[in-house]
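# Overview (structure and organization)
Letter by letter, the chains look like this.
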Amino acid sequence: MDTLFGKTLVELRDVAARLGMPRYAAIQMATWLYKKGAVTIGSMSDLSLRHREMLSGMFEMGLSAPLSVACSKDGTKKYLFGTPAGELIESAYIPDDDRATLCLSSQVGCRMGCRFCMTARQGFRGNLTVASILNQIASLPERSLLTNAVYMGMGEPLDNTDNVLRSLEILTSEWGYAWSPTRITLSTVGVIPSLRRFLEESDVHLAISLHSPFPEQRAEIMPVEKRYPIREVVDLLKRYDFSRQRRVSFEYLVLKGMNDSPEHVKELCRLLNGLKCRINLIRFHAIPDSPFVSPDAATMVRFRQALSLRGIVTTIRASRGEDIQAACGLLSTRALGERGALRYDI
């Protein structure tokens with residue numbers, strides 16, 4: 001059965017027209033779904049009883065509570081959600097002083113094959129619907145505390161472009177959650193055709209997974225480099241005006257002795273020259289059977305300082321939730337292994 005939650009205003013107007021409801025009923029439904037947090041169709045009290053019964057006969061609400069939660073000593077919480085198809089996805093809730101961020105999944109597994117990512121070991125298992133993407137917010141126990149959301153969890157958001165863009169429309173539209181686009185960041189490896197569409201159709205912040213400025217090395221750890229070279233991604237971004245509210249950043253996972261040399265600093269500066277952006281350095285979270293090693297704190301600081309001295313705004317992202325497997329894909333991959341759905345011994 002189709003879900004009512006996750007529909008855009010245009011789609012709700014189509015539902016209203018099919019059921020002979022007045023046009024304003026679409027706004028009424030959107031208000032219940034995204035502003036009032038209704039959990040049943042029957043609770044939409046300003047719709048007639050007949051229309052509520054008709055809606056209930058055609059649609060499920062589309063909401064589901066988390067299956068489990070793991071709590072870190074630093075306050076991070078990792079939620080495991082189920083999907084209608086019986087798959088598993090995860091979301092990370094990260095409180096930090098006056099901010100509370102949710103890392104959202106957009107796919108079950110991922111087809112990008114990044115060697116440092118646990119989700120890649122699941123392979124691609126399916127795209128999330130709009131309802132399953134937004135359910136991670138709507139069904140979050142800490143929903144009222146959220147200040148930010150990042151599409152940085154399981155999956156490649158721009159490999160599920162239609163559903164991700166519709167979810168962003170619902171999050172940022174006045175008839176939806178009415179969030180400012182500045183509260184949301186989308187992270188991508190750089191799927192160029194979808195990236196171009198994203199830049200045209202959304203105003204939320206953008207983060208590009210970079211991890212090495214050298215094409216051959218990047219291709220070794222990120223196979224997508226062979227199809228969508230990072231130089232072409234950066235060239236595309238340089239054609240856009242980012243002087244307004246949208247922020248562009250590059251995510252850089254620091255791998256000890258591999259991508260943290262002075263040569264990497266010089267090449268990063270050469271690659272990003274002329275683009276208003278920042279670099280976020282991320283310390284590698286160890287995953288089972290990985291050849292990569294996490295750098296020490298001194299290495300992270302030296303690398304940041306070298307980039308900053310060359311004029312690139314560079315920050316070090318604090319590591320959170322390591323004691324609860326908060327790195328992308330760890331929790332769900334373990335759960336799949338326990339089900340016997342994967343062969344990985346983790």
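Let me sum up the structure you'll find in this document. This one's a predicted model, so the numbers in the text were calculated from it and none came from an experiment.

### Describing the packing of aromatic side chains
The relative placement of two aromatic rings is captured by the distance of their centres and the angle of their planes. For the structure shown, the criterion picks out 6 aromatic pairs. Over the aromatic face of Trp-32 sits the side chain of Lys-36, whose NZ or CZ is 4.1 Å from the ring centroid. The ring of Phe-124 has Arg-111 sitting right over it, with the charged end atom 3.8 Å from the ring centre.

### Looking at the sheet that holds strand S11 (residues 205-209)
An order of S3-S4-S5-S6-S9-S10-S11-S12-S13-S14 is seen for the 10 strands of this open sheet, with the pairing classed as mixed. Across the chains shown, the open sheet's two edge strands, defined by having one partner strand only, are strand S3 (68-71) and strand S14 (313-317). Strand-to-strand, the axes of this sheet are offset by a mean angle of 20°, without reference to chain direction. With 5 bridges joining them, strand S13 (residues 278-283) and S14 adopt parallel strand pairing. When the sheet's bridge partners are listed, Ile-282 is paired in S14 with Arg-317.

### Side note on the layout of surface pockets
Of the pockets and cavities examined, the second largest pocket occupies roughly 360 Å³. Mapped by element, the contributors of at least two residues to the lining of the second largest pocket are strand S1 (2-3), strand S4 (77-82), helix H4 (130-138) and helix H5 (161-172). When residues in the lining of the second largest pocket are grouped by element, the largest group, 4 residues, is from H4. Looking at side-chain class alone, the lining of the second largest pocket contains 8 nonpolar, 10 polar and 5 charged residues.

### A closer look at the pattern of salt bridges
Counted under the stated rule, the structure contains 13 salt bridges. Taking the shortest distance from any N to any O, the salt bridge between Arg-111 and Asp-159 comes out at 2.5 Å. Note that Arg-111 is positioned in the loop between strand S7 (107-109) and strand S8 (124-127) and Asp-159 in the loop between strand S9 (148-151) and H5, a separation of 48 residues in sequence. The class of Asp-159 is partly exposed, set by a relative accessible area of 21%. With a closest N to O distance of 2.3 Å, Arg-270 and Glu-267 form a salt bridge. In this pair, Arg-270 and Glu-267 are both assigned in helix H9 (residues 262-272), 3 residues apart and thus about one turn of the helix distant. Relative accessible area serves as the criterion here: at 8%, Glu-267 is assigned to the buried category.

### Focus on the nonpolar core
If you look at the biggest cluster of nonpolar residues, it comprises 103 residues, and the most contacted ones within it are Met-29, Leu-55, Leu-195, Phe-198, Leu-237 and Phe-250. Ranked by residues supplied to this core, first place goes to helix H2 (residues 25-35) with 7 residues. In this structure Leu-237 touches Leu-195, Leu-199, Leu-206, Ile-208, Phe-242, Val-248, Phe-250 and Leu-275, once residues within four positions along its chain are discounted.

Conventions and cut-offs
Residues numbered from 1 in each chain as written. Predicted model: local features only at pLDDT ≥ 70, side-chain atom pairs only at ≥ 80, totals over all residues. Heavy atoms only, no water. Phe/Tyr/Trp six-rings, centres within 6.5 Å; stacked < 30°, edge-to-face > 60°. Lys NZ or Arg CZ within 6 Å of the ring centre and 35° of its normal. Pairing = 2+ DSSP bridges. Helix = DSSP H or I, 4+ residues; strand = E, 2+ residues; numbered from the N terminus. Axes fitted to C-alpha atoms, helices over the stretch in contact; angles between N-to-C directions. 1 Å grid on protein atoms, 1.4 Å probe; cavity = no way out; pocket = protein on both sides within 12 Å on 5 of 7 lines; lining within 4 Å. Points joined across faces, edges and corners; volume = space filled by probe spheres on them. Nonpolar A, V, L, I, M, F, W, Y, C, P; charged D, E, K, R; others polar. Salt bridge = Lys/Arg side-chain N within 4 Å of Asp/Glu carboxyl O. Buried < 20%, exposed > 50% of the residue type's maximum accessible area, 1.4 Å probe, protein only. Core = buried A, V, L, I, M, F, W, Y, C linked by side-chain atoms within 4.5 Å. Contact = heavy atoms within 4.5 Å.

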